[in-house]
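Coordinate analysis (summary)
Okay, here's what each chain looks like letter by letter:
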Amino acid sequence: MNLKDLELDKNIKSIILDEIDFYENEKVEILIYLAKYIGIIEDIDKYYLLLGGRELITKLSFDNSDYMIENARKILKTLNQKKVYNEAIQEYDEDIEGTNIYVKKGNQYVIKENLSNQLKMKEKLYHKLLNLEIKNKEKKNKYAFGDDSRYGISINEIPIEIELLAKESPIKINMPPKRKNKNLKVKIDEIKKSAQELDDVLSKDKNRYREHIIKNNKFKKVDNRKPSDIEALELKGITNIVGQVGSGKSTFADALTNCLTKEKKRVMIICSSVNNIFEKYREYESLGKNVVPMIGTSMWQSHIEKAIDGKDYLKGNESKILTPACPLGGLIKESGISIRYGEEPCKKIYKFYENGNTLNKFTRYICPYYYKCPRTKIYKDIFEADIIITTSAGLSSMNIGISSMSLFQFALDYIDLIIIDEAESELNKLDQIFAPIISCDEYVTSNGNLIGEYYCHSIEDRLLQTENSKYKDYYFELEKAFYQIYEHIKSNTQGFSISQLKNPFSARSLIYSKKSEKLLSENIIKYLNEFIGKNTDKFMLKNMFDMSSKELGRYLKKNNLIKINLEKEKMNMIIFIIAVLYFEYNYREISNFVQGNEKLPLSTSTILSQRFEFQQRYIPMDPRGNIFKLQYKEDGNKSDLLIVKQFALGRSMYIKFPYLKLDSSGNSAGPNVLFLSGSSFAPGSFSNHINEKVDYILEAENYKTEFISNSYFEFYDCGINVSGSTELERNSNLKKLVTNCKELILDKLYENKKILMIVNSYDDAENVYKKLDFLLKDTEFNEWVSYLVPDRNNDNVQNAIKYSDICDFDKTNYKIFIAPAILIERGHNIVDIYGNSSFDVLMYLTRPMSNPRDYTNHICKVNGYIMSKYSNTADYINLEQFTQMMSEGYKMHNELEFKYAKLSDLPEDYQMDIMVTLFTMILQIFGRLCRVGSKENIKKEPLEVYFLDSSFKSESENGFDFLNMLVDYLEKLMNTEGYIGEISKSLYMPFNQSLKKGKNIYGTKKR
């Protein structure tokens, strides 16, 4: 489809994206026309910012012009990068063919004078194009076994012939009707009735806790005055519901889902883990719901290992989902060969060449059992399901069905409501999903066998394997670049500090750093910059990469880039930058080559080619644009080079989901979204505060609030700082802390209380366990200590509890459980038979916070800051505001990565962020103890919380004093007038009342 076709077809309503075929100058003109149409006349150097989706963040409402921008993002995607745009504009201004309709005049484009009638039509056609419905091309499916050819599959590169017992006709499915974008309204009485229905089926004992919780909790609407009771909930666009820990948010979500599905609404539930998916699936299937669990295939074997842990085989639903039978597996005649679970050849069946036993892998065929067999029937069921259960990772990256429609697209078109519990945690996950980190060494080693197998074939076969041959060439060049970079770093000949390379870097950033330091000449800087981007002179770059230091020096002299021989350190800088440039070039080449290349094995693309291309057409870009950098990492004796990428502003997917797709009038065409959380209202936290209006509050019963308010808090200063100590000191300090707190621990054990101990990592947990095991060996409690280990730990370790078995703690005889904070803070109800928490005492052995230098942590902070500051702030598109977003994003990243050495050195708002983020984690962990059953069976004694790490308070006035800062922060929130104060009281009052009256909590540090 080109402009001429568009002009001739008067009745055209839609267009296929892949069939749009415009000249490059026409694409530039579409963007210029769009900018002029929406009133942006000047700032022509910033027009590319219109294609980044940033207006979805900033604008309060949308109209037809936003629909046109949405379409432009799909058609002109490559122009959203500044460098690509600048090169396109430069080429456009040359107007070699004389067919441009615009000419530059100062800082704006104006219509040329004396245009022909045909050229005058262009603007009308551009307007027409941007108002069409843009559709994706439907694939034509080729099914195997439809003729007399020999067909087979490949297992471990061995061709296996398959013969069907009888001809099989494929199933074709009908897509469901698209959602009609209706707001959802549910009466509170209906939710209460729904909870009763859940208990009728799910409560096999007489503990009808769902009915009890929903009946006695209070639902309140938030406005600028005091929250008021309501009779119905309205779910429109984004709905944000908060409730204190233990207020029954998850139970409410189940009852709401039951209500909506009876009204023929489709609901998607986002779970925190695959284990949670199975739990929810079992519940909804027991209720007779049409429910489908969606689990990504990339880690299929690990999902099976977790589920089967300690069992002889899987049963019931887990077996049906994870270990379904493949019909083709039963037709394999060769002995000792089988199809592994998760590696079924559903779309990877090939014909044999007419002569011989070699598979022709140039064309793939689909299995005729697709949508019929146990493995793929689930993809048919999803189009008929009322409830779909998945994770944030599944929703972001899974493809479904023969057409490989993304689950994201399915949600965009067919889901009425997405329910996201523990919302702020899921937002952080999205930020990290869209900013993946890839191990170069892992990629090289995982595909080494493929290269070896290529050379095992005869020359005739190798000549036929053109795709493998091309891949081999790219693979070798990428590996050479990786090896040279790594070798320079290990031999300390890289010319840059190791600390600089431990933070994400690129050739561009390395060049810029030396330009700023004036260590390389302008000539060299300019020359090296020419090799950045898609128009790289690859032959010259490869030649320089292959040169020795002396050869490169002579080449630079010959081309007048240097006049005298450079000193060794400067030469090392240049050589290292060239190696990085060559790596970046080859990475782009191999990534482009494997993307969607069905003739190559899955291992060649699994790590590299996840680009979220469909998602990027809808989700706003990262504030800094798309990122591609390298990072050197050391982990004990092992080191690696990591690829750091950023594709989108991850959390905006959920926060702006209803508006990621608009109709032609600018109305929301995406799904409604429900946020649920007990700590997402946390002003001051960059990553955890959701700056969306709180619509409703879910208040727990008074007896639960009173019980939590009577909790005992104490700063138990043992004189040992664990947090803030060096890696070498940390283990030693943890052991000293445990030794110093032995008396306290024994007191609680003699009181027959169960203790939850919080550390920061699996290594911490194991080290604390070993120390406690030693300290308690001569006591009656020597067998009562347990600690958390990852599911991947296959060793039969004594006293270890696997992550997937956390909720079974109460079934053990252990009295102490040691666990990393990040792994136990959310989603785990560790309760006794009465619904009360299994734990009585909570001990923080360290400040439960992530590594402040962790790059993924920085991503979450910057994205959260940008969303909070700029969301819903403008009535119109302002490119200057977009520029400011980018500038602040860069500034904040650089400050987090490089500027500050100690917490006390941070600016006040950064310290506030760390304090509030730390508070939300402490609150969520405290929530594990706040599981309260019925009033009749409530615990007799209050909960106890001890802060043992001396670093929770500071001896210095200027130090980072977490506990004092927290008390002041909560008091300020509680006393804020209006809805902020009311929300804060509802969420945090019980915690705050206990905390501020705690022993040694507030005031100066006492010894």
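Residues numbered from 1 in each chain as written. Predicted model: local features only at pLDDT ≥ 70, side-chain atom pairs only at ≥ 80, totals over all residues. Heavy atoms only, no water.

Summing up its helical and strand segments, the protein chain has 39 helices and 31 strands in all. In terms of C-alpha radius of gyration, the protein chain reaches 30 Å, essentially the compact-globule figure of 30 Å for 1007 residues. If one aligns the C-alpha atoms of the protein chain with their principal axes, the spans along those axes are about 85 × 75 × 65 Å. Put simply, the protein chain has 1007 residues, and 56% of those count as buried. A separation of at least 24 residues holds for 75% of the contacts in the protein chain among residues at least 6 apart in sequence. Summing over all exposed atoms, the protein chain offers an accessible surface of approximately 45600 Å²; the carbon and sulfur share of this is 47%. The averaged location of the 141 negative side-chain charges in the protein chain is 2 Å from the averaged location of its 142 positive side-chain charges. (Helix = DSSP H or I, 4+ residues; strand = E, 2+ residues; numbered from the N terminus. Rg over C-alpha atoms; globule rule 2.2 N^0.38 Å. Buried < 20%, exposed > 50% of the residue type's maximum accessible area, 1.4 Å probe, protein only. Contact = heavy atoms within 4.5 Å. Areas by Shrake-Rupley, 256 points an atom, 1.4 Å probe, with all protein chains shown as cover. Lys, Arg positive; Asp, Glu negative; His and termini not counted. Charge placed at Lys NZ, Arg CZ, Asp CG, Glu CD.)

Quick look at the packing of aromatic side chains now. This structure, assessed with the given rule, holds 44 aromatic pairs. Taking 5.1 Å as the distance between ring centres and 40 degrees as the angle between the ring planes, the aromatic pair formed by Phe410 and Tyr414 counts as tilted. Note that Phe410 and Tyr414 are positioned in helix H16 (residues 407-414) at a spacing of 4 residues, about one turn of the helix. Residue Phe410 is classed as buried on the basis of its relative accessible area of 0%. Put simply, the rings of Phe713, Tyr844, Phe919, Phe926, Phe947, Phe952, Phe962, Tyr969, Tyr988 and Phe991 touch in pairs and so form one group of aromatic residues. Lying across the ring of Tyr350, Lys361 places its NZ or CZ 5.9 Å from the centre. Taking NZ or CZ as reference, Lys815 lies 5.3 Å from the ring centre of Trp784, over its face. (Phe/Tyr/Trp six-rings, centres within 6.5 Å; stacked < 30°, edge-to-face > 60°. Lys NZ or Arg CZ within 6 Å of the ring centre and 35° of its normal.)

Turning our attention to the sheet that holds strand E14 (residues 349-352). Here 4 strands make up an open sheet; going across it, the order is E6-E5-E14-E15 and the pairing antiparallel. The sheet is open, and its two borders are formed by strand E6 (158-162) and strand E15 (359-365), each paired with just one other strand. Averaged over neighbouring strand pairs, the angle between their axes works out to 45 degrees when direction is ignored. Summarising the sheet, strand E5 (residues 151-155) and E6 pair through 5 bridges and their orientation is antiparallel. Residue pairing in the sheet places Ile153 in a bridge with Ile160 of E6. (Pairing = 2+ DSSP bridges. Axes fitted to C-alpha atoms, helices over the stretch in contact; angles between N-to-C directions.)

This part covers the packing of helix H17 (residues 423-433) against helix H35 (residues 855-870). Any two packed helices are characterised by how steeply their axes cross, that is the angle between the axes, and by the distance between the axes. At a minimum axis separation of 9 Å, H17 and H35 run at an interaxial angle of 115 degrees. H35 is crossed by H17, and the crossing has right-handed handedness. Contacts between H17 and H35 involve Asn428, Asp431 and Gln432 on the former and, on the latter, Thr856, Ile859, Cys860 and Asn863. Here the residues of the contact of H17 with H35 are counted per class, giving 2 nonpolar, 4 polar and 1 charged. (Left-handed = near helix turned anticlockwise from the far one by under 90°. Nonpolar A, V, L, I, M, F, W, Y, C, P; charged D, E, K, R; others polar.)

The next thing to look at is the packing of helix H2 (residues 24-37) against helix H5 (residues 82-94). Between H2 and H5, the shortest axis-to-axis distance is 10 Å and the interhelical angle comes to 105 degrees. One finds that H2 runs roughly perpendicular with respect to H5. Contacts from Asn25, Val28, Glu29, Leu31 and Ile32 in H2 reach Tyr85, Ala88, Ile89 and Tyr92 in H5. Considering only residue class, the contact of H2 with H5 consists of 7 nonpolar, 1 polar and 1 charged. (Parallel < 35°, antiparallel > 145°, perpendicular 65-115°, else oblique.)

The next thing to look at is the side chain of Gln409. Within the element layout of this structure, Gln409 appears in helix H16. In contact with Gln409, other than residues within four places in its own chain, are Asn136 and Phe614.

Here the structure, examined in full by the defined rule, presents 45 salt bridges. Lys754 is paired through a salt bridge with Asp810; the nearest N and O atoms lie 3.6 Å apart. In this pair, Lys754 sits in the loop between helix H32 (742-750) and strand E26 (755-759) while Asp810 sits in the loop between strand E28 (800-802) and strand E29 (816-820), placing the two residues 56 residues apart along the sequence. Look at Asp810 and you get partly exposed, because its relative accessible area is 24%. Between Lys996 and Glu971 there is a salt bridge, and its shortest N-O distance comes to 3.1 Å. A residue pair is termed long-range when its members are at least 10 positions apart, and Lys996 in helix H39 (residues 979-996) and Glu971 in helix H38 (residues 962-974) qualify at 25 residues. Of the residues examined, Glu971 reaches a relative accessible area of 26% and is grouped as partly exposed. Ionic contacts of the salt-bridge type, sharing partners, join the residues Lys748, Glu751, Lys753, Glu941 and Glu944 into one network. (Salt bridge = Lys/Arg side-chain N within 4 Å of Asp/Glu carboxyl O.)

Before going further, it helps to spend a moment on the nonpolar core. Counting residues in each nonpolar core, the largest one holds 172 residues, and the members touching the most others are Phe657 and Phe947. Ranked by the residues each element gives to this core, the list is headed by helix H37 (residues 908-929), at 12 residues. For Phe657, the residues in contact, after removing those within four places along its chain, are Leu395, Phe408, Ala411, Leu412, Ile418, Ser652, Gly670, Pro671 and Val673. (Core = buried A, V, L, I, M, F, W, Y, C linked by side-chain atoms within 4.5 Å.)

If you check UniProt for "coiled-coil region" (unreviewed entry), the listed places come out as residues 112-142 in our numbering. In this annotation, residues 112-142 is assigned 42% helix and 10% strand; the end-to-end C-alpha distance for the span is 50 Å. (UniProt positions renumbered as here; feature names shortened; annotations may be inferred.)

A grouping of Asp189, Glu190, Glu231 and Glu263 is seen on the molecular surface, where their side chains present a negatively charged patch. Structurally, the position occupied by Asp189 is in helix H8 (residues 188-202). (Patch = residues over 30% accessible without salt bridge, like charges linked within 9 Å, V, L, I, M, F, W, Y side chains within 5 Å.)

Once that is clear, we can look at the environment of Ser116. Mapped onto the fold, Ser116 is located in the loop between strand E3 (108-111) and helix H6 (117-120). A residue is classified by how much of its surface remains accessible, and Ser116, at 37% relative accessible area, is partly exposed. For the pair formed by Ser116 and Gln881, sequence separation is 765 residues and the distance between their alpha carbons is 38 Å.

Attention shifts here to the sheet that holds strand E30 (residues 841-844). Across the sheet, which stays open at both edges, the 7 strands sit in the order E25-E31-E30-E26-E29-E27-E28 with parallel pairing between neighbours. Taken across any chain shown, the strands that pair with only one partner, and hence form the sheet edges, are strand E25 (712-715) and E28. Sheet twist, expressed as the average angle between the axes of neighbouring strands with direction ignored, equals 20 degrees. Where strand E27 (residues 785-789) and E29 come together, 3 bridges link them in parallel fashion. Each residue of the ladder has a partner; that of Tyr787, found in E29, is Ile818. The strands touched by helix H33 (residues 762-775) are E26, E27 and E29; relative to E27, the strand with the most contacts, the crossing angle is about 165 degrees. Across the face of the sheet, H37 comes into contact with E25, E26, E30 and strand E31 (944-947) while running at roughly 155 degrees to E30.

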